[in-house]
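# Structural overview
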Amino acid sequence: MTTTHSMRKPAPAGSRLVIADLCKSYRMGDQSVLTAADDVNLEIAPGTITAITGPSGSGKSTLLHLIGAIDRADSGRILVDDTDITGLRGNALADYRASVGFIFQQFHLVPSLTAFDNVLAPLVSRKTSFDRRSRAQELLAEVGLDGRERALPSHLSGGQQQRVAIARALVNSPGLILADEPTGNLDAANAAGILKLLRRLQEAYGTTILIATHDAAIASRADSIVTVRDGRTTVQAGD
Ligand SMILES: Nc1ncnc2c1ncn2[C@@H]1O[C@H](COP(=O)(O)OP(=O)(O)OP(=O)(O)O)[C@@H](O)[C@H]1O
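These remarks concern the structure in this document. Source: prediction; values computed, not measured. (Residues numbered from 1 in each chain as written. Predicted model: local features only at pLDDT ≥ 70, side-chain atom pairs only at ≥ 80, totals over all residues. Heavy atoms only, no water.)

Glancing now at the layout of surface pockets. Of the voids in this model, the largest pocket is the one considered here, and its volume is about 180 Å³. What lines the largest pocket is A98, S99, V100, G101, F102, F104, P122, R168, A169, V171, N172 and P174. At the level of elements, α2 (90-99), β6 (100-104) and α5 (158-170) are the ones that each hand at least two residues to the lining of the largest pocket. Looking at the lining of the largest pocket element by element, the count peaks at 4 residues for β6. (1 Å grid on protein atoms, 1.4 Å probe; cavity = no way out; pocket = protein on both sides within 12 Å on 5 of 7 lines; lining within 4 Å. Points joined across faces, edges and corners; volume = space filled by probe spheres on them. Helix = DSSP H or I, 4+ residues; strand = E, 2+ residues; numbered from the N terminus.)

Okay, structure coming up:
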């Protein structure tokens, strides 16, 4: 894999998360209420990789959506570097969302844009103090896609598409990356490669990374494992 100058930059500290008394329910029709986060209390240390595991429907995605402020909690607090993001509204909310790197199972690349332009997409209509084209170039090299800048997503393998998505997630230099089943569409070798890449980025930049995953092999390589059952969480240290 290509090592670029950007890998040697001093590592900015990743975000610290403190989640307190967090609750989220969904109303099912008129009557029943489904509790997807049930009094969640968690602390996530800066610059660590945390796996979020648990059965299907247990509340893993809900937790990531609440932390990313894509969804709103019913009650409780989510402190990200001392800001309670559950209280953000308007521009402050938009700025917070833009500051988080999101990675999804289905990659969510724009099919009509090249790898290069997909990486640049989060910067459209944003002011930046850096040369965005050289940053996109650097990031694609960093995820091992030097020479594939002009490729459309349909001409890339699943593993390569996820690498483009990771480069896109990094373009705003996030302190926090939220990855929802990032290896769910990949074979074991590609899945292991993606985890290795996330670990390398965490070591280089000190980014805090949360990964929701069904994959026990991926979870076992995290620094800590949060298990979700019926919206309730328990924590254990990784291997
Ligand atoms: N927008 C929504 N409206 C209604 N119910 C929802 C909504 N989002 C999630 N739920 C419900 O909340 C519960 C938790 O869902 P969530 O997607 O967080 O689980 P998960 O652990 O990520 O599942 P999976 O592993 O299958 O992705 C599920 O029962 C789900 O059906």
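On we go from here.
Our next topic: the environment of A98. Of note, A98 is situated in helix α2. Judged by relative accessible area, which is 21%, A98 ranks as partly exposed. Residues A98 and I177, spaced 79 residues apart in sequence, show a C-alpha to C-alpha distance of 11 Å. Once you skip the residues sitting within four places of it in the chain, A98 turns out to touch R126 and N172. (Buried < 20%, exposed > 50% of the residue type's maximum accessible area, 1.4 Å probe, protein only. Contact = heavy atoms within 4.5 Å.)

Spatially, the 6 strands line up as an open sheet ordered β6-β7-β8-β3-β9-β10, and their pairing is mixed. With one partner strand each, in any of the chains shown, β6 and β10 (232-237) form the two edges of the open sheet. Direction aside, neighbouring strands of the sheet carry axes that sit 20 degrees apart on average. Judged from the 4 bridges that link them, strand β3 (residues 49-53) and strand β9 (residues 224-229) form a sheet pairing that is parallel. Along β9, the bridge assignment pairs I52 with V226. Of the strands in this sheet, β3, β7 (176-180), β8 (208-212), β9 and β10 touch helix α1 (residues 60-67), which is tilted by about 150 degrees from β7. Packing of α5 onto the sheet brings it into contact with β6 and β7, and relative to β6 it is tilted by some 165 degrees. (Pairing = 2+ DSSP bridges. Axes fitted to C-alpha atoms, helices over the stretch in contact; angles between N-to-C directions.)

As a further point, take the nonpolar core. Ranked by size, the top nonpolar core spans 41 residues in total, and within it V119, L140, V164 and I166 carry the most contacts. Mapped onto this core, the elements with two or more residues apiece are β3, α3 (115-120), α4 (132-142), α5, β7, α6 (188-205), β8 and α7 (216-219). Considering each element in turn, this core owes the most residues, 8 residues, to α6. In terms of nonpolar packing, the next biggest core, distinct from the first, is built from 28 residues, L63, L64, A69 and V226 among them. (Core = buried A, V, L, I, M, F, W, Y, C linked by side-chain atoms within 4.5 Å.)

Turning next to the packing of aromatic side chains. Tallied over the entire structure, the rule returns 1 aromatic pair. Relative to F104, the ring of F102 has its centre 6.2 Å away and its plane inclined at 10 degrees; by these criteria the two rings are stacked. Of the residues examined, F102 reaches a relative accessible area of 18% and is grouped as buried. F104 sits in the partly exposed class, given a relative accessible area of 24%. In this structure, R150 packs its charged tip against the face of F116, placed 5.2 Å from the ring centre. (Phe/Tyr/Trp six-rings, centres within 6.5 Å; stacked < 30°, edge-to-face > 60°. Lys NZ or Arg CZ within 6 Å of the ring centre and 35° of its normal.)

Counted at 1.5 Å a residue, the expected span for α6 with its 18 residues is 26 Å, and the 26 Å between its end C-alpha atoms agrees. Buried residues of α6: A191, G193, I194, L195, L197, L198, R199, L201, Q202, A204 and Y205, and no others. Against the buried residues of α6 lie β3, β6, α4, α5, β8 and α7. Directly beyond the C-terminal end of α6, a positive phi value near 70 degrees is found at G206. (Expected span 1.5 Å × (residues − 1).)

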